[in-house]
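Remarks on the overall topology
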Amino acid sequence: MFRAAITLANRYNIYVNGHPISYTILQTNANSIGFAELELVCRSITNATEPDVIGVVGPTSSTSVRYIGPFAGRMHLPLISYTATNADLDDIFNYPTFYRTIPSDILTAEAIVKLFKYFSWKTCSIIIGNDDYGYGGLKLLSEVYYANLTIGERLVFDPRFDKFQADLTQLLGKSPSRIVLVWANHSSSTRIIQHALNANLLSGSYVWITTNKIDFNTFEQKQWLNLNGILTVAPFVGNSNAFGINETLQKEAFDVWHNLSHDKDKIRELASTISLEAMYTFDAVWALVQSLNKSVFNNKSLSMNKSLTCFDCLLQNYDKYLDHLKNTSFFGVSGHVQFSKNNSDNCIYGVMYGLYNVQLTRLKNSRGKQEPTYIKVLTWYETTHDWTNSTDERHNYIIWPSNEHTKVPTDYPQLRGQHLRILVIDAPPFVIVRNSSTHDTERVDFRGDPLKTENPKVLIYGFVADFIRELVRYMHFNYTISVADPSTAYHSLVALLEEDNRQYDIVLSNIAITSDRMLKVDFSTPFHENTFRIITRLNPHSSSLSLFLCFNPFTWDVWATIFAVMIYSSMIIYVFEYQNRNIENNQFELKAVWTSIFHGIINILIMSGDIRLTTTSSRLTILGLYVLGIILVATYTANLSSFLTLNRAQPFISGIDDIKNGLLPFSRIGIVTNSAVSDYYIRNISTNYYTLSTVEETYLRLLDHTIDASIWDSSILEYAVNNYYCNELVVTGVGFIKTSFAIVVPKNWLYKTDLDVNILELRESQKLESLENVWLKYRACSSSSSSSPNSLSQVDGKKSETFSLDVLGGLFLTFFIITAIAFGFHIWNCRLNIINIFHQTIERIKPQIVQMIIRY
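From a predicted model like this one, the values you see are computed outputs, not experimental measurements. (Residues numbered from 1 in each chain as written. Predicted model: local features only at pLDDT ≥ 70, side-chain atom pairs only at ≥ 80, totals over all residues. Heavy atoms only, no water.)

A word on the overall build of the protein chain
We count it as follows: A run of H or I in DSSP counts as a helix once it spans at least four residues, and a run of E counts as a strand once it spans at least two, with each numbered from the N terminus. Each residue's exposure class comes from its accessible area (1.4 Å probe, protein chains only) as a fraction of the maximum for that residue type: buried when under 20%, exposed when over 50%, partly exposed otherwise. By definition in these notes, contact holds between two residues if any of their heavy atoms fall within 4.5 Å. For the accessible areas, the method is Shrake-Rupley and the probe is 1.4 Å, while residue cover comes only from the protein chains on display.
For the protein chain, the count of helices and strands is 25 helices and 34 strands. Burial analysis of the protein chain (856 residues in total) assigns 48% to the buried set. Sequence-distant contacts in the protein chain: of pairs separated by 6 or more residues, those separated by 24 or more amount to 71%. Accessible surface computed for the protein chain: about 43300 Å², of which carbon and sulfur atoms make up 53%.

Next up, the structure:
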């Protein structure tokens, strides 16, 4: 394509100093670091027998540009590369005459970062070539895109010695990412993939992404299957005007190439086999040709002022030539070529990148034989900065290394296929241990299927057993379960994962996350929220016989008021009914009084009587008594039920405040040492306590009256009281100090992210809630045996109180108002009798009054 561009320029009669454009091709070593290229260019420039050098197309590497670029800039000699992509070459002060037709690594880095975002990846391990191209890519990702992409491990490959600077398998094995980015040139990328293949690293565990396509011909046929799923991010050239392609120029270039190569194939088939570098090479030559053509009209021809010393050579009359080159803009065979030294030296318009996926495809006339082929599955446009599906709908899916094409792999290591060594400790209901050798099955909950441990005689049940079973169903790992000695302190369990030569991978039980433990180990996402609570014995004196217990719902002043209401209502009913009864003697009058008292009692107790009332006032009074009775009986019944329940069993203390206030001696409070509870107690209450080694010892010391109270996890205490210690122990007070149970994992554990994600999925699918309902809320004791009697008498932390007259005074006042209204009805109905009695009384006392007046 280089020769084709020169030939085409001569066909268009573009000359320099009246002579056709000639060329020289300098053969270089691919492993050279730039000195050899510089020497070759110097020899060509100073050669007096050669035509003047007015432009250089190349070199092929960014490393070589670092040597030739400053030299060319000093001579004012334009240098256009078709493969050098390092972003540092954009420096116009060090490389003032350097240009390139291939996109810069800046765009490559952006395309890769956007690709990671497209697949929701945030981390990677990177392998770079030991050259400017590799280090330039690493610099861009780590300095410009550090907020978007985290690089876990870095490895350098030296193509001169065909080896890595560190062990490839060990470095990738300890990396927190399973995305491997290979930023190296074509030959180095091929060698790196070959090393990975030999180390069996091209499996489903890793996703390999290269920035250059690899050469399939260097691999054996039996290895082709392992190449399936490799991804490559590389620029590509469109095939029509829509992509900025000059189709006329492209056809002419292909035609010249066709004649030069003496290939008889069709031009379209040739076009599909032309490499990107060839396209960029043609446009690099054509950019120089365009500038030369425009400079012809300046009447100042270009010439090289040659000298015996290479560094004394200078290009003459270069101003217009370089100005035209700097402002170059044309549609070439690779797309729209435009240089702009104001921003960068890139071909900056309409760049496109493709995501190519290695897939095994069946070739024609191959009798079923499959060969690896690059399939473009996604496209990134520089104008939109987004990845979209390929326009070829037949190949818009990706074959991943795991041979799946539906689920995108994660960038973090997964536990699938790994073997976990799990340590648990007996802690019902989370871990319930059954040891067949001891025949101790009295307190083992056999609900659900057990899990086997490394000891064939030991099985585990409980929340943790079902939790492990769900994790295995989601994550597909293998495991071995070990049961720790019950006397092992919880801090010691956590410390087992600090050791480098640890025997266990995770610890799974009722282990709370604390600040001290976080400094030593890591924790997964919490699987259960918990609080501390207090366990104590039931107080036997609280349920002693009391003659007046039934009067407790009301205070004595309320009872006295009720009695006064009955007497008062009886008297007014007697008064209201008096005029309608025939009283023959004192005996029947006394009977009327008792009848009225009976009316008051039965209506307060909401009973029906068979005595008929004749006055409206009496009926209104009875209605008031009835309403009063309904409220009093309902209030009394509810409060008496509460009192009887609470009186059945009462704990020694009501909550943590009683312990802090010294209601119990600190020596009578049992604390399990080397635990989260002991840390809290020592930090916030006292250093004085009764030492306990296990939770089981807590129950024993409470029952033998060695201690009076203890603090532990609420879920475990409530399960023990509701299933094992019915009517013996009680969990009292409200929960305090919220804690979270989580899986203990080593620091920087590779599989922590995978574990966290799956625990969250279990929570979102309500599987964890279901396990909590099955195990934590199970109750073997009768429902009357509450795990927390105080909870019945506490609402928002306040105990229920006996109802006093202050509370019920308004009720009695309402009744008195009703009786006042009844009195009004009675006076109105008896107004004539009252007037007659008043006149009779006046007539009776009138003679006496007259006599007294005469006497005085």
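The structure having been displayed, the exposition proceeds.
Comments concerning the state of the cysteines
Put simply, the rule reads: Two cysteine sulfur atoms form a disulfide, by the criterion used here, when they sit within 2.5 Å.
Scanning the entire structure with this criterion turns up two disulfides. The disulfide bridge from Cys-42 ends at Cys-310, spanning 2.3 Å between sulfur atoms. Its torsion about the S-S bond being -75 degrees, the disulfide of Cys-42 and Cys-310 is classed as left-handed. With Cys-42 in helix H2 (residues 35–46) and Cys-310 in the loop between strand S12 (303–305) and strand S13 (314–316), the pair connects residues that are 268 residues apart, well separated along the chain. Since its relative accessible area comes to 8%, Cys-310 is described here as buried. Looking at the protein chain, its bonded cysteines, counted consecutively from the start of the sequence, adopt the pairing 1-2, 3-4. Sulfur of Cys-313: no disulfide; nearest cysteine sulfur belongs to Cys-310 and is 5.7 Å away.

Some thoughts on the pattern of salt bridges
Definition in use: Salt bridges are identified by distance alone: a Lys or Arg side-chain nitrogen within 4 Å of an Asp or Glu carboxyl oxygen.
Evaluated as defined, the whole model comprises 20 salt bridges. Two residues, Glu-697 and Arg-701, come together in a salt bridge whose shortest N-O distance is 3.6 Å. A residue pair is termed a helical-turn pair when its members lie 3 or 4 positions apart in one helix, as Glu-697 and Arg-701 do in helix H20 (residues 695–703) at four residues. Taking the relative accessible area as the measure of exposure, Arg-701 reaches 19% and is therefore buried.

So, the UniProt feature "transmembrane region" (unreviewed entry) in the protein chain
Applicable threshold: UniProt positions are given in the numbering used here, feature names are shortened, and annotations may be inferred rather than shown by experiment.
The feature "transmembrane region" (unreviewed entry), as annotated in UniProt, sits at residues 556–576, 588–608, 620–638 and 807–828 in this numbering. Helix makes up 100% of residues 620–638 and strand 0%, whereas the separation of the span's terminal C-alpha atoms amounts to 28 Å.

Here's the deal with the sheet that holds strand S22 (residues 458–461)
Definition in use: At least two DSSP bridges between two strands are required for those strands to pair.
The strand order S20-S22-S21 describes an open sheet built from three strands, whose pairing is antiparallel. Each end of this open sheet is capped by a strand with a single partner; those strands are strand S20 (432–435) and strand S21 (451–452). Here S20 runs beside S22; their pairing, made up of four bridges, is antiparallel. The residue bridging Arg-434 from the neighbouring strand is Leu-459, located in S22.

Looking at the sheet that holds strand S9 (residues 179–183)
The criterion, for reference: Note on geometry: axes are lines fitted to C-alpha atoms, helical ones only across the stretch in contact, with angles between N-to-C directions running from 0 to 180 degrees.
Pairing is mixed in the open sheet, where nine strands are placed in the order S8-S7-S6-S9-S10-S11-S16-S17-S18. Edge strands, defined here as strands with exactly one partner in the open sheet, are strand S8 (163–164) and strand S18 (386–389). Pairing of strand S11 (residues 231–235) with strand S16 (residues 352–362) involves five bridges; the strand directions are antiparallel. The residue of S16 that forms the bridge with Val-233 is Leu-355. In the packing of helix H5 (residues 132–144) onto the sheet, the strands contacted are strand S6 (123–129), strand S7 (150–158) and S9, and the crossing angle to S6 comes to about 155 degrees.

What about the environment of Leu-315?
Tracing the backbone shows Leu-315 in strand S13. Judged by relative accessible area, which is 2%, Leu-315 ranks as buried. Here the alpha-carbon distance between Leu-315 and Ile-54, two residues 261 residues apart in the chain, equals 7.2 Å. Once residues within four sequence positions are removed from consideration, Leu-315 is found in contact with Val-53, Ile-54, Met-75, His-76, Pro-78, Leu-302, Ser-303, Met-304 and Tyr-321.

Notes on the nonpolar core
Under the convention used in this document: As used here, the term nonpolar core means buried Ala, Val, Leu, Ile, Met, Phe, Trp, Tyr and Cys residues forming a set that is joined through side-chain atoms within 4.5 Å.
Within the largest apolar cluster, 84 residues are counted, with the highest numbers of intra-cluster contacts made by Phe-463, Phe-467, Leu-471, Phe-527, Tyr-699, Ile-711 and Ile-743. Top element by residues in this core is helix H12 (residues 463–475). It accounts for seven residues. If we ignore the near neighbours within four places in the chain, the residues touching Leu-471 are His-476, Phe-477, Ile-743, Leu-755, Ile-759 and Leu-762. Of all hydrophobic cores here, the second largest spans 58 residues; its members include Met-1, Ala-4, Ala-278 and Met-304.

Some thoughts on the confidence of the model for the protein chain
The condition that has to hold: You can read pLDDT as the predictor saying how much it trusts each residue, on a scale of 0 to 100.
The share of residues in the protein chain with pLDDT of 70 or more is 82%, and the mean pLDDT across the chain is 83. Taken together, the stretch residues 582–587 has pLDDT below 50 and engages in three contacts with residues farther than four places along the chain or on a different chain. The low-confidence segment residues 788–800 (pLDDT under 50) makes 26 contacts with residues lying over four places distant or belonging to another chain.

Section: the packing of H12 against helix H22 (residues 752–764)
Selection criterion: Comment on the angle field: the value is read as roughly parallel under 35 degrees, roughly antiparallel over 145, roughly perpendicular from 65 to 115, and oblique elsewhere. Handedness of a crossing follows from how the near helix is turned relative to the far one, being left-handed for an anticlockwise turn of less than a right angle and right-handed for a clockwise one.
Packing of H12 against H22 leaves a shortest axis separation of 10 Å and a crossing angle of 110 degrees. With respect to their mutual orientation, H12 and H22 come out roughly perpendicular. The interaxial crossing formed by H12 with H22 has right-handed handedness. When H12 is examined against H22, the residues Phe-467, Glu-470, Leu-471, Tyr-474 and Met-475 are found in contact with a partner set consisting of Asp-754, Leu-755, Asn-758, Ile-759, Glu-761 and Leu-762.

Focus on the packing of aromatic side chains
Short version of the rule: Stacked, edge-to-face and tilted are the three classes for Phe, Tyr and Trp ring pairs, Trp counted by its six-membered ring, which pair at centre distances within 6.5 Å; planes under 30 degrees apart are stacked, over 60 edge-to-face, the rest tilted.
Scanning the model with the defined rule gives 31 aromatic pairs in all. Relative to Phe-741, the ring of Phe-430 has its centre 5.3 Å away and its plane inclined at 75 degrees; by these criteria the two rings are edge-to-face. On the criterion of sequence distance, the pair formed by Phe-430 in the loop between strand S19 (419–424) and S20 and Phe-741 in strand S31 (residues 729–741) is long-range, its members being 311 residues apart. Accessibility expressed as a relative area gives 0% for Phe-430, which makes it buried.

Things to note about unusual backbone geometry
Looking along the chain, the bond that leaves Gly-58 and enters Pro-59 is cis, with omega of 0 degrees. Residue Pro-429 is bonded to the preceding Pro-428 through a cis peptide linkage, with omega at 5 degrees. Looking at the element boundaries, Pro-429 is found in the loop between S19 and S20. Despite not being glycine, Asp-162 has its phi angle at roughly 55 degrees, a positive value. Assignment of secondary structure puts Asp-162 in the loop between S7 and S8. Using a relative accessible area of 29% as the deciding quantity, one classes Asp-162 as partly exposed. Even without being glycine, His-385 reaches a positive phi, approximately 60 degrees. Mapped onto the elements of the fold, His-385 is located in the loop between strand S17 (370–381) and S18.

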